[in-house]
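Summary of structural features
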Protein chains: 2
Amino acid sequence: MTAAAPATACPAWPDRPADAAIRAVLEALRPLLGARLSTGQAVRDQHGHDESSHPSQPPDAVAFAETTEEVAAIVRACAAHRVPVIAFGTGTALEGQVTAVHGGVCIDLSPMNAILEVRPEDMDVTVQAGVTRKQLNAHLRDTGLFFPIDPGADASLGGMAATRASGTNAVRYGTMREAVLALTVVTASGEIVRTARRARKSSAGYDLTRLFVGSEGTLGVITEVTLRLHGIPERILAAVCPFPNLRAAVDTVIETIQSGVPIARIELLDPDQVRAVNAYSKTDHAVAPTLFLEFHGSETHTREQVEMVEALAAEHGAEGFRWAASLEDRNRLWQARHDAHYAGLAMRPGAKGVSSDVCVPISRLADCIEETQRDLAASPATTTLVGHVGDGNFHVQFVFDPDNAEEIAEAKRLNQRIVERALAMDGTCTGEHGVGLGKKAYLAVEHGAEGLALMRAVKQALDPLGIMNPGKMVG
Amino acid sequence: MTAAAPATACPAWPDRPADAAIRAVLEALRPLLGARLSTGQAVRDQHGHDESSHPSQPPDAVAFAETTEEVAAIVRACAAHRVPVIAFGTGTALEGQVTAVHGGVCIDLSPMNAILEVRPEDMDVTVQAGVTRKQLNAHLRDTGLFFPIDPGADASLGGMAATRASGTNAVRYGTMREAVLALTVVTASGEIVRTARRARKSSAGYDLTRLFVGSEGTLGVITEVTLRLHGIPERILAAVCPFPNLRAAVDTVIETIQSGVPIARIELLDPDQVRAVNAYSKTDHAVAPTLFLEFHGSETHTREQVEMVEALAAEHGAEGFRWAASLEDRNRLWQARHDAHYAGLAMRPGAKGVSSDVCVPISRLADCIEETQRDLAASPATTTLVGHVGDGNFHVQFVFDPDNAEEIAEAKRLNQRIVERALAMDGTCTGEHGVGLGKKAYLAVEHGAEGLALMRAVKQALDPLGIMNPGKMVG
C-alpha cells in the first residue's frame, strides 16, 4: 500500500503516525469509501499544499467525503489509531493550513457541494462545506439575495468559515465571524454537533459557532454552514479613483469610515499593484495610489453616499471617480481587484509570493502604511500593496525567486517588521488569512503567554489526542 | 466572623466550601481590601439575587474590587482554597446569574466604573466592567458617538458582555456579540488575559472574545470591555403605530426586515402591555397591538425608510404613525418601553415576574406569537407580551403571586410550552437574558447532548476547579 510508506517530504517530524496505524485506518475506511479513498502520489501531492509558498507536505491518504456521517466515520477511524486529520476545501489558503506536516488523512470536502436549503424569508442558507462562494451566488441569482464575503479565490464556504475569511465587502457586511449563523461540525471524537439554532441572536451558552469559525480545522471538521444572506441592493455603483499620493488615498478612507458612510467596498492599490493589475487583467488604470470603491443602496441613498465620498476625495486632491455602473463593467473592475494576487505573481514568471496580512485600528492605518512604504522603498524586494483599507487591513505581497536565499531572507525581514509594527499599533498579525504555519510564531506576541495558554487549553479539551490538523495555529 | 457560618438559605447544596476555606480566603484578602471586603448580612443579602424571582442565595462575602489586579488577587485566593467566585455588576440579570448557589465570594465590580479611553477616530472605547450603559452614553454626549445596546435596565457593560445582552437597537446595531471588540478577563487561575487587539477583524487564533461574551462568569471575570461605538445619526425619528390585530403588526415587522430597511428599532407590545405601560408611565397609547419604531439616518435616507415602512403598515390596516421627533419626546417614548418590565409587575402589587425570552427565525415569528397568544388566552395567568420582534425575539412576562403555588405552576407550564415551541421552530430558549439557573434545563435540548458536552469540556478546561460561578449554565 503506497500510503503506508512515510511521505519523504517530511522525515524530520518525529510524531508521524506509525505505518501500521495508517494501514489500519485505510483498512477500516476502504469498505466505506472505496475508490474515494486515494493513496495515489498525484492525489496526495495535490492535497499537500495551498496557494502559499509553504513547502508541500502530502498526507498519507486522501478521503473524498460525501456526507457528514462519512466525515464522522473517517474521524472516528483516525481517532482510534491516533492518525492526523486535515480538512481540505479548495486548497486556496495562504498560510500552509492544509499541509500534512504530521502526515495523516486529508478529508477532501469538495464532493460535499450541495446547497441544502435557501430560506429567502429568513435571508439565510444552509450549504455543505464544499460549496464555493461563487457557486452559492450563482445559485442565489433569482432570489434577490446574495452572499457578500469574497476572498480573492473562489474558496469553499467551509474553508472560509474555518479561516474566518473576509474580503472586499467586509467593511459593510462583516466577515465570516458575522456571516455564519450555525455550523455542523464533526468533533475530534467523531461526534456530530450543530453549533447553534437559526435564531439571529441567542444567549444560550458558550458561542460554539464563533469557537469553530477561525479554528482552521484544529478543533473539528466543518461539514455544513448556515449563512446570513443580504438583499441585492436596488443600486450598485462602482468607481476607481487615483490619488496624488498614498496618504491622500488613506486619509480619504479613514474619513469615509469616520463619517459613517455605509460604503460597501473601499480598496487601496499602490502604483506597483495598479501596474501589475493593468498588465495581468488588460486594464488601463492610471498608475497611481488608487481606490476601488463600491456603493450599495437605494437610488437616493447611493447618490448621497457618492456625493459625500467624492467630496472627501476631492479635498485630498483626487480628480474624480471613473464609474462602472453596469454589471459587466463592475465585474471587470472587481475581477481585476480579485486577481491582484495572481497579477503580482505574474510580474516575475517562476516567482513565488508571500503576503502580509496585518490589520490595525483605522486611526493608525495611514501611519502603518506610510512606514511600511518607507521600508519597501529602501529595499530591493519586488512588492505590491493592496488592502481592504476600510477595515484597517492591507497586504504587502512579496514576489521572490524561491531559489534565492537572499530574496527570501529579505521578504521575511520586511514581513516581520510589518507584523511588529501592526502589533505595536494594537493591530493583529492576520486580518483574514489565518495562522496556519506562517503566523504561529506571532500568536504569543499578539495574545500574550496567558492568551495563548487559554487557546491551548481549549485545543487540549476539544482534541485531547491532538489529531485535528496538528502542527497548525496553537499546535 | 459572620461569613464563616454557612448561609442558611442554601443548606441543601452539598458542595459548599468548608468554613475553614472561607475563613482562609477572607484572611488572605483582608489586608488587600480592608473595608471593601464585607461579610455583613445586609450586603450579602443585597448580592444574593438579581431582578428575577429566583430565590436569593447570599454569598459568604462580598469583595468590592477597584482594579483588574485586585480581581486577579481575589480569584487567586479563592482558587487556592476552592472557594466559588461570583462576579456582580448591577444585579439586574433575569435568570438568577448572580445567586451564590454554592456560597463563595461575590466580586462586586461597581467600583470599577472608569471610562478608560474614548477613541473617537476609531469609534471605540475601553471601559472598566462596572461602567453602566447610561453612564457611558452620558460621557460620550459631546463626541457625536453613542453606544446602542440597551437592555431595559441600566446594566453594567461587564454584565452585559457576560450575558450577551441586547435590547431594542439590536435589529440594526447587533448584540454584545458584535459590539465587543476585546475584553480583559481574569481567568479561573487568576491570570489576566486580554482577549484581542483593537483591529476590527482578525484571524489570529480562537475567538477568545466571543468565548467569554455570554459565558456568565463561568469561565472568568470580565474586568474591562472595549466596545464599538456608532455615530449619532443626523436624523432620528421615533413613532408609535397601533394595529387592528397582532398578526398585522408582526407581518409588518417581517416585511420590514425582509425588505432590507435598516430600521433602528421595531418593538411589539400586546394590548395588555400597552395598558400596563399607560398606567405605569402615564402615557395614553391606544390599547391595541402596537409597534414602537425608530428610524436612523440622513434626512433623505430616514424619510425613505419611513415611507417604505408606513406603506407596509398601511397595507396591514394600520391607521398611521404617531411621531416623536424631539429628543424629549423620543426619550419619553423609549423610557416607557424600557419600563415595560416594571410596568408589568406594577399591575399586581406584591407580585413577582418571570419573563420568557425565546427568539425564532423571522419567518416563524407570527406563528410563534399567535400560538403563544392562544395559550395565554386560554389561561388564567396574568401576562404581558413585548418583543424585539425585528430579531425574532419576544418576551411573555408572567406576573404571579409568589405565595400561590397554582399560579407559579401555571406560569411554568406556559413558559415551558413557549420554549418548546420556539425550539421546534429552530429558535433558541433565550435571545438575550442568558441561561443562569432558569434555562439550564433547556441547554441539552437546544444544543443536543454532544453540543452540551463540548461546552462542558470548555468549562472543564478553563475552570478545572469549578470555582467560577458554579451551578450556572453548564454546571
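Just so we're clear, the structure is a prediction, and the values are computed from it rather than from any experiment.

About the criteria used
Residues numbered from 1 in each chain as written. Chains lettered and ligands numbered in written order. Predicted model: local features only at pLDDT ≥ 70, side-chain atom pairs only at ≥ 80, totals over all residues. Heavy atoms only, no water. Phe/Tyr/Trp six-rings, centres within 6.5 Å; stacked < 30°, edge-to-face > 60°. Lys NZ or Arg CZ within 6 Å of the ring centre and 35° of its normal. Buried < 20%, exposed > 50% of the residue type's maximum accessible area, 1.4 Å probe, protein only. Helix = DSSP H or I, 4+ residues; strand = E, 2+ residues; numbered from the N terminus. Pairing = 2+ DSSP bridges. Contact = heavy atoms within 4.5 Å. Buried area = accessible area lost by both parts, 1.4 Å probe. Salt bridge = Lys/Arg side-chain N within 4 Å of Asp/Glu carboxyl O. Polar contact = N/O pair within 3.5 Å; in protein donor to acceptor, adjacent residues only side chain to side chain. Least-squares fit on C-alpha atoms with pLDDT ≥ 70 in both. Domains from an automatic or database assignment. Nonpolar A, V, L, I, M, F, W, Y, C, P; charged D, E, K, R; others polar.

This part takes up the packing of aromatic side chains. Residues and elements named next belong to chain A. For the structure on display, the rule yields 10 aromatic pairs over all chains. With a centroid separation of 5.4 Å and 65° between ring planes, the pair formed by Phe321 and Trp323 is classed as edge-to-face. Chaining the aromatic ring pairs together yields one cluster made of Phe295, Phe321 and Trp323. A cation over an aromatic ring shows up here: Arg265 above the ring of Trp334, its NZ or CZ 4.2 Å from the ring centre.

All names here are of chain B. Along strand 18 (residues 393-400), eight of the eight residues are buried, which leaves the element largely enclosed by surrounding structure. A two-sided burial pattern is seen for strand 18, the buried positions comprising Asn393, His395, Gln397 and Val399 on one face and Phe394, Val396, Phe398 and Phe400 on the other. Where strand 16 (residues 352-355) and strand 18 come together, four bridges link them in antiparallel fashion. Along strand 18, the bridge assignment pairs Val354 with Phe398. Taken together, the seven bridges between strand 17 (residues 382-388) and strand 18 define a ladder with antiparallel strand orientation. Along strand 18, the bridge assignment pairs Thr382 with Val399. Counted along the chain from strand 17 to the antiparallel partner strand 18, the turn is four residues long, and its residue Gly392 has a positive phi close to 85°.

Once that is clear, we can look at the interface of chain B and chain A. Interface extent is often summarised as the accessible area lost during association of the parts. Each partner contributes residues to the interface: chain B has 77 residues there, and chain A has 77 residues. For the pair chain B and chain A, the summed buried surface comes to about 6300 Å²; carbon and sulfur atoms form 55% of the total. Broken down residue by residue, the surface that chain B buries against chain A is led by Arg197(B), Lys201(B) and Tyr206(B), which jointly contribute 16%. The interface formed by chain B and chain A holds 10 salt bridges in total. Lys201(B) serves as the salt-bridge partner of Asp391(A), at 3.1 Å between the closest nitrogen and oxygen. Where chain B touches chain A, the interface holds 49 residue pairs in polar contact (both at pLDDT 80 or more).

Between the two chain copies there is a screw-like relation: a rotation about an axis and a shift along it. Overlaying chain B on chain A yields an RMSD of 0.0 Å, the required transformation being a rotation through 180° with an accompanying axial translation of 0.0 Å. Here the symmetry operator amounts to a two-fold rotation axis. The fraction of interface residues of chain B whose copies in chain A are also interface residues reaches 100%, indicating that both copies meet through the same surface.

With that settled, the discussion passes to the domain arrangement of chain A. Residues and elements named next belong to chain A. When its domains are assigned, chain A resolves into domain 1 (2-108), domain 2 (115-231) and domain 3 (235-424). Taking the mean C-alpha position of each, domain 1 and domain 2 sit 24 Å from one another. With 14 residues of domain 1 at the interface, the matching set in domain 2 holds 18 residues. Carbon and sulfur atoms supply 66% of the area buried between domain 1 and domain 2, which totals about 1100 Å² over both sides. Inspection of the domain 1/domain 2 interface yields zero salt bridges. For the pair domain 1 and domain 2, the interface holds two residue pairs in polar contact (both at pLDDT 80 or more). If you tally residues by element for the side of domain 1 that touches domain 2, the top one is helix 3 (residues 68-80), at seven residues. Classifying every residue of the side of domain 1 that touches domain 2 by side-chain character gives six nonpolar, five polar and three charged.

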